[in-house]
Amino acid sequence: MIPELGHFALILATLLALAQSVLPLVGAQRGDARLMGAAAPLAFAGFLAIAIGFGALIWSYATNDTTVANVVANSHSAKPMIYKISGTWGNHEGSMVLWVLVLAICAAAVAVFGRGLPSALQARVIAVLGTISLGFLAFILFTSNPFERVWPPALDGNGLNPLLQDFGLAVHPPLLYAGYVGFAVTFAFAVAALIEGRVDAAWGRWVRPWALAAWSFLTCGIALGSWWAYYELGWGGYWFWDPVENASLLPWLAGTALVHSAIVVEKREALKIWTVLLALLAFALSLLGTFLVRSGILNSVHSFASDPSRGVFILALLAIYIAGAFLLFAWRAPAMTPTGVFAPVSREGSLVLNNLLLCSICAVVLVGTLYPLFLDLLAGQMISVGPPFFNSAVGPLAVPLMAAMAIGPMMPWKRAALWPVLQRLWWVACLGLAGFVLTLAIAGWHVLPAFGFACAFWLIGGAVADIADRSGLGRTRLANMLNRARGLPRSAWGAAVAHAGVGVMLLGISGMGLASEHIAALPPGGSTTFAGYEWRLEGVRDVTGPNFTARRASVSVMRDGHVQRVMEPSRRFFPQGRTTTTEAAIHTNLARDLYVVLGEEHDGQAVIRLHNNPLAPWIWLGSFIMALGGALSLSDRRLRVAAPAPKRRDAEAVA
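Structure report, in brief. The model shown is predicted, which means the values in this text are computed figures rather than measured ones. (Residues numbered from 1 in each chain as written. Predicted model: local features only at pLDDT ≥ 70, side-chain atom pairs only at ≥ 80, totals over all residues. Heavy atoms only, no water.)

## Notes on the state of the cysteines
And then number 1: For the coordinates displayed, the defined rule picks out zero disulfides.
And then number 2: Sulfur of C430: no disulfide; nearest cysteine sulfur belongs to C455 and is 15 Å away.
And then number 3: Residue class for C430 comes out partly exposed when judged on its relative accessible area of 43%. (Disulfide = S-S within 2.5 Å. Buried < 20%, exposed > 50% of the residue type's maximum accessible area, 1.4 Å probe, protein only.)

In structure tokens, the structure reads:
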């Protein structure tokens, strides 16, 4: 009964999405206040219907209802309850229901927080979101029904992929989808502006909070996915330029450019066409990532769908939404003439450079990800594009980007002189040079990590210098400086925190450039030396978990004959699905991670792989500092979603 209720709720949501996509749009075109007023109730009703459907799916998983094919394929009665619930979105069908649920939440949020928007604009935005929801609800009902019954009922389920039975992966997809789908709101604002034929400072002010929120969620989602890959896969790394990792990086890069470009629209009414294009591009890349993961054309540990019919359906949706939006852009964009004029050397100019570099990096990653697919399709040749290509191609573009990140915020709007800004940053440059020299002196001739440390210090120092300069450090008394610092807009603090977060993350990445690895085959009681420690294998024993058995090793980490700590890596075997996973043991003190992986056992010896990863935790610390900066900017009262337009025009005047 519950699955049928959930299925009916999704059908009802589809009908509501159809009404939501048509009625407000017609009302905005005709200036009919009643039809425009229907947008918010339809968005709320659609959210409620999808929430009921998603709740029914969670109930089916929590009760292990083996009459539901999706539960049989992805759950098992022996799983802990948290993984039964997270298994709801740990598969293709359930993840798509979560996708449309987040989209419905966004539409309802526009209805709630967008009350200060002109009625016609709000109606058009909600209608575009309804159109997107309609396509994906149809996709779920026709190709990915999560409530399909199986009879007779199975005795038990097949179980969730053991790699996904992890808390990090339970939280990672909702955050990632909040970022992906959040860019649907900026996409809807862009399409609504193209239909209306007007982009102004008010539009930039309305778009920017949504772009910031989506960017912050996506940053957290990517960071959690990277953290999971680090500790769960047992490879000792955090980023592998996997095609699905790239699929999440692409909209993040475009979204970062969008956040900065929207500032120029709001402050100077410039870069209008560019900002609209970025809003379309960010969501287009989100849809492209959805297609790559679910089409079966990628071989990745992250992908979980291999039905070509689903890929064709998503490809058709991508063609309809994105091709339609870009055709509309080609038609209406020439009418959006910019009004703000600025010199190349200015705050606007630095943001333009920022956008060009971000989009260039995005293009490099896109080509490197898709080129092997097209080569296989057109020429039948199989090649692999891996880290050497991406590192060598992205690095030269990232260096000027990091230089601009410290210089740009200290430039005035419209027109600036570069030399006075560089004079205020002299101590930051000295800090970066000191970081470079100290790294070479301490770690040896490792030029690239040393250069990374120099760039990290430059970014962190640049963020501090920005706040100090805005506060009047050196130009006024200390009390006045502190008062000015307290009075700075939260958006200014948020930008500085986010830029400093990039520097902290770069410290972690540079530290990983100094990482070392050692592999040893040891009998019980055997030892090896690595990273200034003696590592002794005490033994390997059998362990039984709730739905797995494991071989767990005890490794004593000693210095000067004294045991500093005992680490216990393991290898788990899941009988349901006959899958083996690696559970790394990690000890961190923030300065470095000691990382141990248990390998195969042969002839009474166990293979253990040891890693010494300097500053590894700073990668994820920096990522969450970046997201914190986005949240801090979003909390600025001047960036409220419902903030009134500087020059408010009512719906009738707009029509």
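## Here's the deal with the packing of helix α14 (residues 387-407) against helix α17 (residues 447-471)
And then number 1: Where α14 contacts α17, the two axes come as close as 8 Å, and the packing angle between them is 20°. If you check the angle between α14 and α17, you find them roughly parallel. By crossing handedness, the relation of α14 to α17 is classed as left-handed. Where α14 approaches α17, its residues V399, M402, A403, M405, A406 and I407 are matched on the opposing element by F451, C455, W458, L459 and G462. (Axes fitted to C-alpha atoms, helices over the stretch in contact; angles between N-to-C directions. Helix = DSSP H or I, 4+ residues; strand = E, 2+ residues; numbered from the N terminus. Parallel < 35°, antiparallel > 145°, perpendicular 65-115°, else oblique. Left-handed = near helix turned anticlockwise from the far one by under 90°. Contact = heavy atoms within 4.5 Å.)

## Focus on helix α13 (residues 347-379)
And then number 1: Its 33 residues give α13 an end-to-end C-alpha distance of 46 Å, which sits within 8% of 48 Å, the value for a rise of 1.5 Å per residue.
And then number 2: Along its length, α13 reaches its greatest deviation from straightness, about 35°, at L370, and the proline P372 lies no more than four positions downstream.
And then number 3: Directly beyond the C-terminal end of α13, a positive phi value near 70° is found at G380. (Expected span 1.5 Å × (residues − 1). Bend = angle between axes of the 7 residues up to and from the residue.)

## A look at the side chain of T67
And then number 1: Within the secondary structure, T67 sits in the loop between α3 (39-62) and α4 (69-74).
And then number 2: There is a polar contact of 2.5 Å between the side chain of T67 and the side chain of D65.
And then number 3: Contact partners of T67, with chain neighbours within four places excluded, come to E148, R149, V150, W151 and P153. (Polar contact = N/O pair within 3.5 Å; in protein donor to acceptor, adjacent residues only side chain to side chain.)

## A look at empty space enclosed by the protein
And then number 1: All chains considered together, the criterion is met by five cavities of 30 Å³ or more.
And then number 2: Considered as a void within the structure, the second largest cavity measures approximately 70 Å³ in volume.
And then number 3: Contributing to the lining of the second largest cavity are 14 residues, with Q20, G46, I50, A104 and S133 lying nearest its centre.
And then number 4: At the level of elements, α1 (2-30), α3, α6 (92-113) and α7 (119-143) are the ones that each hand at least two residues to the lining of the second largest cavity.
And then number 5: Residue contributions to the lining of the second largest cavity peak at five residues, all from α3.
And then number 6: Residues that form the lining of the second largest cavity fall into these classes: eleven nonpolar, three polar and no charged. (1 Å grid on protein atoms, 1.4 Å probe; cavity = no way out; pocket = protein on both sides within 12 Å on 5 of 7 lines; lining within 4 Å. Points joined across faces, edges and corners; volume = space filled by probe spheres on them. Nonpolar A, V, L, I, M, F, W, Y, C, P; charged D, E, K, R; others polar.)

## Things to note about the sheet that holds strand β10 (residues 605-614)
And then number 1: Strand order in this open sheet of four strands is β1-β10-β9-β8, and the pairing throughout is antiparallel. A single partner strand is all that each edge strand has here, and the edge strands are β1 (516-522) and β8 (585-588). When the angles between neighbouring strand axes are averaged without regard to direction, this sheet yields 15°.
And then number 2: In terms of strand pairing, strand β9 (residues 592-602) meets β10 through nine bridges, oriented antiparallel. Looking at β10, one finds that R592 is bridged to P614.
And then number 3: Most of the contacts of helix α9 (residues 201-232) go to β9, to which it runs at about 45°, and overall it touches β8, β9 and β10. (Pairing = 2+ DSSP bridges.)

Function-wise, these values are silent; they only describe arrangement.
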